[in-house]
Amino acid sequence: MRIRFTCFLHAALLAVFITNSFSAAAQAPKTWTSSEILLGLKKLNVLGSALYLAAHPDDENTRLIAYLANGRLVETGYLSCTRGDGGQNLIGPELREQLGVIRTQELLAARRIDGGRQFFTRANDFGFSKTPEETFTIWDKEQVLADMVWVIRQRRPDVLITRFPPDARAGHGHHTASALLAIEAFSAAADPKRFPEQLKFVQPWQAKRLVWNTGSFFVKPGENMDGYLKLDAGSYNPLLGQSYGEIAARSRSQHKSQGFGSAATRGEALEYFQLLKGEPAKTDLFEGVDMTWNRVPGGAAVGKLIDEVIRKYDPSNPSASVAGLLKVREALKKIKNTEDQKGNSIANVEWDNDGASKQQKAIDNLPKPFDTFWILNKLEAVETLIKGDLGLHLDAIASEATTTTGSAINLVVEAANRSSIPVVWRRSNVRGYNVSDTTINRSLAQGVVVQLRQTVVSGDMALSQPYWLQFPGTTGMYMLPGALRLASSPSNKIKGVDPAMAVVRQEDLIGLPENPAHLSVTFELNVAGSPISFKVPVQYKSTDPVEGEKYRPLTVVPPVAVNIGGRAYVFADNQPKTVPVTLRAGKAGVKGSVALTLPAGWKAEPASISFELAAKDADQTVYFQVQPGAGAAEGKAELRAVATVDGQQYTRGIQTIQYNHIPTQTLFPEAVAPLVKLNLKRKGQEIGYLMGAGDEVPDALRQVGYTVTLLKPEDITEERLRRFDAVVLGVRAYNTVDRLRSLQPTLLRYVEQGGNLVVQYVVNRGTVLPEIGPYPLTLSNDRVTVENAPVTLLNPKQPLLNTPNKITAQDFEGWVQEQGLYYPSKWDPKYQTVISSHDPGEPAKESAILVADYGKGHYIYTGLSFFRELPAGVPGAYRLLTNMVSLGKK
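Residues numbered from 1 in each chain as written. Predicted model: local features only at pLDDT ≥ 70, side-chain atom pairs only at ≥ 80, totals over all residues. Heavy atoms only, no water.

1. Considerations on empty space enclosed by the protein
Next up, step 1: Evaluation of the coordinates by the stated rule reveals 7 cavities of 30 Å³ or more.
Next up, step 2: There is about 340 Å³ of room inside the largest cavity.
Next up, step 3: Along the walls of the largest cavity sit 23 residues, with Ser464, Glu514, Asn515, Pro553 and Leu554 positioned nearest its centre.
Next up, step 4: For the lining of the largest cavity, the secondary-structure elements that each account for two or more residues are α4 (96-114), β23 (548-553) and β35 (665-667). (1 Å grid on protein atoms, 1.4 Å probe; cavity = no way out; pocket = protein on both sides within 12 Å on 5 of 7 lines; lining within 4 Å. Points joined across faces, edges and corners; volume = space filled by probe spheres on them. Helix = DSSP H or I, 4+ residues; strand = E, 2+ residues; numbered from the N terminus.)

2. A closer look at the sheet that holds strand β46 (residues 849-854)
Next up, step 1: A sheet is described by the order of its strands in space; here 7 strands give the open sequence β38-β37-β39-β40-β47-β46-β44, paired in mixed fashion. Single-partner strands in this sheet number two, and they are β38 (707-711) and β44 (831-833). The average undirected angle you get between the axes of adjacent strands in this sheet is 20°.
Next up, step 2: Judged from the 5 bridges that link them, strand β37 (residues 686-690) and β38 form a sheet pairing that is parallel. Bridging from a neighbouring strand, Leu690 pairs with Leu711 of β38.
Next up, step 3: Sitting on the sheet, helix α18 (residues 875-886) is in contact with β37, β39 (726-729), β40 (756-759), β46 and β47 (857-862), with an inclination near 140° to β40. (Pairing = 2+ DSSP bridges. Axes fitted to C-alpha atoms, helices over the stretch in contact; angles between N-to-C directions. Contact = heavy atoms within 4.5 Å.)

3. Considering unusual backbone geometry
Next up, step 1: Following Glu605, the chain continues into Pro606 via a peptide bond in cis, with omega recorded as -10°.
Next up, step 2: With respect to the helices, strands and loops of the structure, Pro606 is situated in the loop between β29 (602-605) and β30 (608-613).
Next up, step 3: A cis amide bond links Thr803 to the next residue, Pro804, at an omega of -5°.
Next up, step 4: The residue Pro804 is located in the loop between β42 (792-793) and β43 (820-827) in this model.
Next up, step 5: Located in the positive-phi region is Asp58, a residue other than glycine, with phi close to 80°.
Next up, step 6: Secondary-structure assignment places Asp58 in the loop between β2 (49-54) and α3 (62-70).
Next up, step 7: With a phi close to 50°, Phe195 is a non-glycine residue in the positive phi region.
Next up, step 8: Structurally, the position occupied by Phe195 is in the loop between α7 (173-188) and β6 (209-214).

4. Concerning the sheet that holds strand β4 (residues 117-120)
Next up, step 1: Sheet architecture is open: 7 strands sit in the order β4-β3-β2-β5-β6-β10-β7, paired in mixed fashion. Single-partner strands in this sheet number two, and they are β4 and β7 (229-232). Put simply, the sheet's adjacent strands are angled 30° from each other on average, direction ignored.
Next up, step 2: Of the pairings in the sheet, the one linking strand β5 (residues 159-162) to β6 comprises 4 bridges and is parallel in character. Each residue of the ladder has a partner; that of Leu160, found in β6, is Leu210.
Next up, step 3: Its contacts with the sheet put helix α6 (residues 141-155) on β2, β3 (75-80), β4 and β5, and the angle it makes with β2 is roughly 165°.

5. Focus on the confidence of the model for the protein
Next up, step 1: Looking at the protein as a whole, the pLDDT averages 90, with 90% of positions reaching at least 70.
Next up, step 2: Low pLDDT, under 50, characterises residues 345-369; the stretch is placed with 48 contacts to residues that sit more than four places away or in other chains. (pLDDT = per-residue confidence, 0-100.)

6. Considerations on the pattern of salt bridges
Next up, step 1: If you walk through the whole model with that rule in mind, you get 42 salt bridges.
Next up, step 2: For Glu670, the salt bridge identified is with Arg640, shortest N-O distance 2.7 Å. One end of the pair, Glu670, is in the loop between β35 and β36 (672-677); the other, Arg640, is in strand β32 (residues 635-645), with 30 residues separating them in the sequence.
Next up, step 3: With a relative accessible area of 26%, Arg640 lands in the partly exposed category.
Next up, step 4: One salt bridge connects Glu818 with Arg868, and the closest N-O pair in it is separated by 2.7 Å. With a gap of 50 residues between them, Glu818 in the loop between β42 and β43 and Arg868 in helix α17 (residues 866-869) connect regions that are remote in the sequence.
Next up, step 5: A network of salt bridges, in which partner residues are shared, links Lys130, Asp839, Glu842 and Lys845. (Salt bridge = Lys/Arg side-chain N within 4 Å of Asp/Glu carboxyl O. Buried < 20%, exposed > 50% of the residue type's maximum accessible area, 1.4 Å probe, protein only.)

7. Observations concerning the packing of helix α2 (residues 34-44) against helix α12 (residues 372-390)
Next up, step 1: Where α2 meets α12, the closest approach of the two axes is 10 Å, and the angle between their N-to-C directions is 160°. By the angle between their axes, α2 is roughly antiparallel relative to α12. As α2 packs across α12, the resulting crossing turns out to be left-handed. Contact with α2, carried on its side by Ile37, Gly40, Leu41, Lys43 and Leu44, involves Lys378, Ala381, Val382, Leu385, Gly388 and Asp389 of α12 and no other residues of that element.
Next up, step 2: Classifying every residue of the contact of α2 with α12 gives 6 nonpolar, 2 polar and 3 charged. (Parallel < 35°, antiparallel > 145°, perpendicular 65-115°, else oblique. Left-handed = near helix turned anticlockwise from the far one by under 90°. Nonpolar A, V, L, I, M, F, W, Y, C, P; charged D, E, K, R; others polar.)

8. Some thoughts on the packing of α6 against α7
Next up, step 1: With their axes 9 Å apart at the nearest point, α6 and α7 run at an angle of 55° to one another. Classified by the interaxial angle, the pair formed by α6 and α7 is oblique. Seen from above, α6 lies across α7 with right-handed handedness. On α7, the residues that touch Lys141, Val144, Leu145, Met148, Val149, Ile152 and Arg153 of α6 are Ser178, Leu181, Ala182, Glu184, Ala185 and Ala188.
Next up, step 2: Here the residues of the contact of α6 with α7 are counted per class, giving 9 nonpolar, 1 polar and 3 charged.

9. With respect to the side chain of Asn417
Next up, step 1: Mapped onto the secondary structure, Asn417 falls in the loop between β14 (408-416) and β15 (423-431).
Next up, step 2: Judged by relative accessible area, which is 0%, Asn417 ranks as buried.
Next up, step 3: Leaving out residues up to four positions away in the same chain, Asn417 has contacts with Leu390, Leu392, Val423, Leu444, Ala445, Gln446, Gly447 and Val448.

10. What to know about the nonpolar core
Next up, step 1: By size, the foremost hydrophobic cluster in this structure holds 53 residues, and its most contacted members are Leu41, Ile386, Leu411, Trp425, Phe523, Leu525 and Val527.
Next up, step 2: With 9 residues, the top contributor of residues to this core is α12.
Next up, step 3: If we ignore the near neighbours within four places in the chain, the residues touching Val527 are Val322, Leu326, Ile386, Leu390, Ile421, Pro422, Val423 and Ile532.
Next up, step 4: Core analysis: the next-biggest nonpolar cluster, separate from the first, contains 46 residues, Ala146, Ala207, Trp468 and Ile662 among them. (Core = buried A, V, L, I, M, F, W, Y, C linked by side-chain atoms within 4.5 Å.)

11. Side note on the packing of aromatic side chains
Next up, step 1: Taken as a whole and judged by the stated rule, the model has 15 aromatic pairs.
Next up, step 2: Aromatic side chains Tyr775 and Tyr854 sit 5.7 Å apart centroid to centroid with 75° between the ring planes, which places their arrangement in the edge-to-face category. Here Tyr854 lies in strand β46 and Tyr775 lies in the loop between β40 and β41 (777-784), a separation of 79 residues in the sequence. As far as burial versus exposure is concerned, Tyr775 and Tyr854 are alike and both buried.
Next up, step 3: Pairwise contacts between aromatic rings join Tyr775, Tyr831, Tyr854 and Tyr859 into one cluster.
Next up, step 4: Seen from the ring of Phe120, Arg83 lies directly overhead, with NZ or CZ sitting 4.1 Å from the centre.
Next up, step 5: Looking at Lys141, its charged tip hangs above the ring of Phe136, at a distance of 5.1 Å from the centre. (Phe/Tyr/Trp six-rings, centres within 6.5 Å; stacked < 30°, edge-to-face > 60°. Lys NZ or Arg CZ within 6 Å of the ring centre and 35° of its normal.)

12. Re the pairing of β47
Next up, step 1: The element β47 is largely enclosed, with a buried count of 6 among its 6 residues.
Next up, step 2: Burial along β47 is two-sided: Gly857, Tyr859 and Tyr861 and His858, Ile860 and Thr862, pointing in opposite directions, are all buried.
Next up, step 3: Relative to β47, β46 runs antiparallel, the two being bridged by 6 bridges. Within β47, the position partnered with Asp853 by the bridge is His858.

Next comes the structure, spelled out in structure tokens:
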């Protein structure tokens, strides 16, 4: 098998194109202060790079990233193996893929503050893992390694930095795995025999060194740190007016879903590094790395031009630097064109996949590869600085937030030059499958806003589903699409991006944090006589009366979206339940029919329902009566809603995720819901539920017939609580509801007088009061991560296991992600243990459920992950929770 190399220049150009496409998504147009421009000018003369590697969002050291990007002025990236799907959510009910989308955007928000770039592998965060061995049985290790190698080869960092050590001190199997992968990737990225299929697009790359960024949480008390390389990342940046600790606090505080709001730090902040691989360094992280323009053939002259621009920079008149920057730009383009003509790249080299010796010989015979990465990187930076110097405002706004394939899109394209430098707007190009090129040739006078209104017809674009969610993956890995269809401008004549169809190849999606913009406008300008183009994503803009101006991505939606109301439908008897299905029009004039697909033995009335949606965004809710028949099997199945329009079936709903700290995100989940038939009895009727961080347990309780009242802290009075057969506290309530500090005596009096209080898991740090139960118990990080770990019933006669439902080991089968978390490590003898289980190789854990009789009532603490199991339709979870809220009731 022979592989013909395509020019590495094309791959590098594509990397710049992709980066530009997603970096501006769903943001107001960037503006620059004079000091930010000066910092950017200084960064032009630094040709060094670093890549930080860890497992999850929020693992990264934001202070070090801020220091490297803004202090050392090196290109700095963070590669997170996962998107954090398996974590908990402190700000809302979203879990799994939805949480991964939120945490992806939180990372992007953090990078916009600290100056880094964000990358990912396709590994899926499947939840807490105790060993790297377990992690690698669920992740496809070779695929994750290949993704890591791809990013290294594409971004070519001089220094790799891990957050975690490659051993048990990392405290999480994913953490340790990320370090082990980094060690292997350090060498693999430089080895042409590893992942040779990548070499059609990128070159092998050998970083100078790989270090572990250690700290006080990894070393023993009193350990001598003199043997570690160290640097002070706490210094003050006068151009930004902040220390790197202050920048880091703002960056880290973007991880709101994880409750990681951070306080700013000032003064010395030592970071320590231990060599894991590569050349040792005595005094500096970049020791032995030439970070000047001398690393690029012909680059010394460019460095001198940049020095001159910096020397003459006038912060009161940044536009005076434009002439100098245009000279720098021309010098960079000249070097690139010269090297292209020489053929100093890996283009035109043929490789034999079966002959490593031939591959190595081919590499040895190549001329020194031209450092295309730095030329393209600095060209992008120079053009960005020119835009900043001009105070250039470029915007492309759609009249509506959504569109469908083939629909007309009304745009307002806007440009403003806020400098005295002559700028001519020559043309604008909008690229879908239908091209709209508009010749303008209009001078942009200083301070004058020029608008152009255009109507374009979108082509055959994919839904705006995050690319890693377009196809079902596995527990440990996401599946990438073969390609991603999007709309782009005709100037993108880059290998891998068809200028007519704008299809991004699979390999160029690897590492990207989010989808490139579907539709973009290229502004072709003439700046002081030099042609220059800027590409701007098409977005939707609105004005919120509280938040002000807000941007969101232009979203491609289906003609009709199908949403099933409710997360799971649970049948404890054969009585029918109402299943609402809401249809939402992606365009005007949509009509068709919708039906439910059910497993054998189930029936729905009516069989199908017609609908007609006259206006775009109109919705209509229809109702089916679903019930199990005599042949319906007990256990968990699935129902699906299918809409048919013009002979085409549509099976995806629409879900919008909106939080103020991230851009609006839109997902298109399959219109499915668990369908559960089980033998269930219950006692009592009225449940009071105090929400904590957010979960969907109240809906699950309603599904089995309870009347659930959502409580506010002010509702918790002795008089009001008396009417409830049980009161349930949502997940992390004692971490998030401050008033529980004063309301705890009221809750305990409710129990003492005969009430039943069920407390779901509480994180062992940051509780609002030191004691959450009637008797002492010590929360811990103990958990059982194997969801189907065998369970032993410690006291089979315990009422909680017998009434009103007989609980057996079978009720713990079919659980998802984990069995439970944050189990107490110590507890008063007055608490009764109920079940025992453990992960492989670990001692038994007996505190998943603790029951205490208190006065006439019962207090129950449970770390079992009901917040995951109930929405997933796990039958045993419903039976067990029903027994908890029924305890002691007649």
